[in-house]
Amino acid sequence: MIGTILTATDLSPRAGAAVQRALALKREHACALVIAHIIDRPTSSLDVERRSRTAYKAIDGQLQDLPPEEREDIAIKVTTGTPQWELGRLAHMHRSELVILGRHEPRGGHDLLVGSTAEGLARDGNCSLLVVADNRPAAYRKAVLGIDMSIYARFAVSMVLRLAPQAELVCVHALQGAATEAAGQAAQAALSEFMADTLGKLLPPDQQQATASRMELVVRAGEPHSVLSGIARERQADLLGVGMRGRPASLRAGLGSTAQRLLNDPPCDVLAANAW
């Protein structure tokens, strides 16, 4: 199960896809949902009032076709401020463990999330982040997991199992350095042991075998971002999960930088699971 979900909309179509995914997850997990719109850099109190009315009307329009029972436990919040900090504040206030955002639009040749709300939340936030790439709110059917054998990978596995309890799982370890046959065999054995131990820690015995039967273990030589993106596209995955540390250094080293690059250019929906 998932606790309270927070999603943000700037009223664009890409943000609409995030809201639809949030609504689908709310339906699947019977959890509370907060839909936020942040008014950034208002020019006056009249501007705030006008933009607030527009936001409430637009968000309410996205909810009008829901049956009454599905509109329960949905809160709409319109605030002013810097999106990153306001969403962090709202996530803390509502004890949200998952923030859902639409993919960031390309701007010239720069990194797509440099200075963006998603990058700030990934770097400084205390909750997991789901960036929605496509408007396909059906239940996740196939998930790729980036496994670097760390505690952060365990958090990613845990969050993916909760978000997509029936999905096929492709657990991928990117083998860096000398890709010899012996190194590949050792990595395959380590990946198998790690996943068996992880499932043992996360699931009751009766669920471990069923989950393992839907799981494929893949070791592929290459740089982690390229390996994970490539396999996600090859397998037509609709979710890709990685772990991150949620601190500035984490986005500059190891799987943290991989998470940032995947959030920048998601091959499918990307979950960056925060360890704390």
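Per an unreviewed UniProt entry, the protein goes by Nucleotide-binding universal stress UspA family protein and derives from Oceanibaculum indicum. Listed in UniProt under the heading Sequence similarities (unreviewed entry), the comment for the protein reads: "Belongs to the universal stress protein A family."

So, on to the pattern of salt bridges. The tally for this structure, following the rule as stated, stands at 18 salt bridges. Note that Asp10 is salt-bridged to Arg14, the shortest N-O span being 2.9 Å. According to the relative accessible area criterion, Asp10 is partly exposed, its value standing at 40%. When its relative accessible area of 22% is taken as the criterion, Arg14 is described as partly exposed. Residues Arg53 and Glu49 are paired through a salt bridge, measuring 3.1 Å at the closest nitrogen-oxygen approach. Of this pair, Arg53 and Glu49 are both found in helix α2 (residues 45–63), 4 residues apart, which corresponds to roughly one turn of the helix. Residues joined by salt bridges that share partners form a network here, namely Asp47, Arg50 and Arg51.

A few words on the pairing of strand β10 (residues 269–274). Counting buried residues in β10 gives 6 out of 6 residues, a clear majority hidden from the surface. Every second residue of β10 is oriented toward a common face, with Asp269, Leu271 and Ala273 on one face and Val270, Ala272 and Asn274 on the other, all of them buried. Two strands pair when backbone bridges link them, and strand β5 (residues 128–132) and β10 are joined in this way by 3 bridges, in the antiparallel orientation. Residue pairing in the sheet places Leu130 in a bridge with Leu271 of β10. Sheet topology places strand β9 (residues 239–244) next to β10; 6 bridges connect them, and they run parallel. Paired with Leu239 across the strands is Asp269, a residue of β10.

Counted by the stated rule, this structure contains 0 aromatic pairs. Against the face of Tyr140 rests Arg21, its NZ or CZ located 3.9 Å from the ring centre.

To continue, consider the packing of helix α6 (residues 151–163) against helix α7 (residues 181–202). Put simply, α6 and α7 touch, their axes get as near as 11 Å, and they point 55° apart. Judged on the interaxial angle alone, α7 and α6 are oblique. In the packing of α6 onto α7, the handedness of the crossing is right-handed. Judged by residue contacts, Ala153, Arg154, Val157, Ser158 and Leu161 of α6 engage Phe194, Met195, Asp197, Thr198, Leu199, Lys201 and Leu202 from α7. For the contact of α6 with α7, the class distribution of residues is 7 nonpolar, 2 polar and 3 charged.

The rules behind each value
Residues numbered from 1 in each chain as written. Predicted model: local features only at pLDDT ≥ 70, side-chain atom pairs only at ≥ 80, totals over all residues. Heavy atoms only, no water. UniProt positions renumbered as here; feature names shortened; annotations may be inferred. Salt bridge = Lys/Arg side-chain N within 4 Å of Asp/Glu carboxyl O. Buried < 20%, exposed > 50% of the residue type's maximum accessible area, 1.4 Å probe, protein only. Helix = DSSP H or I, 4+ residues; strand = E, 2+ residues; numbered from the N terminus. Pairing = 2+ DSSP bridges. Phe/Tyr/Trp six-rings, centres within 6.5 Å; stacked < 30°, edge-to-face > 60°. Lys NZ or Arg CZ within 6 Å of the ring centre and 35° of its normal. Axes fitted to C-alpha atoms, helices over the stretch in contact; angles between N-to-C directions. Parallel < 35°, antiparallel > 145°, perpendicular 65-115°, else oblique. Left-handed = near helix turned anticlockwise from the far one by under 90°. Contact = heavy atoms within 4.5 Å. Nonpolar A, V, L, I, M, F, W, Y, C, P; charged D, E, K, R; others polar.

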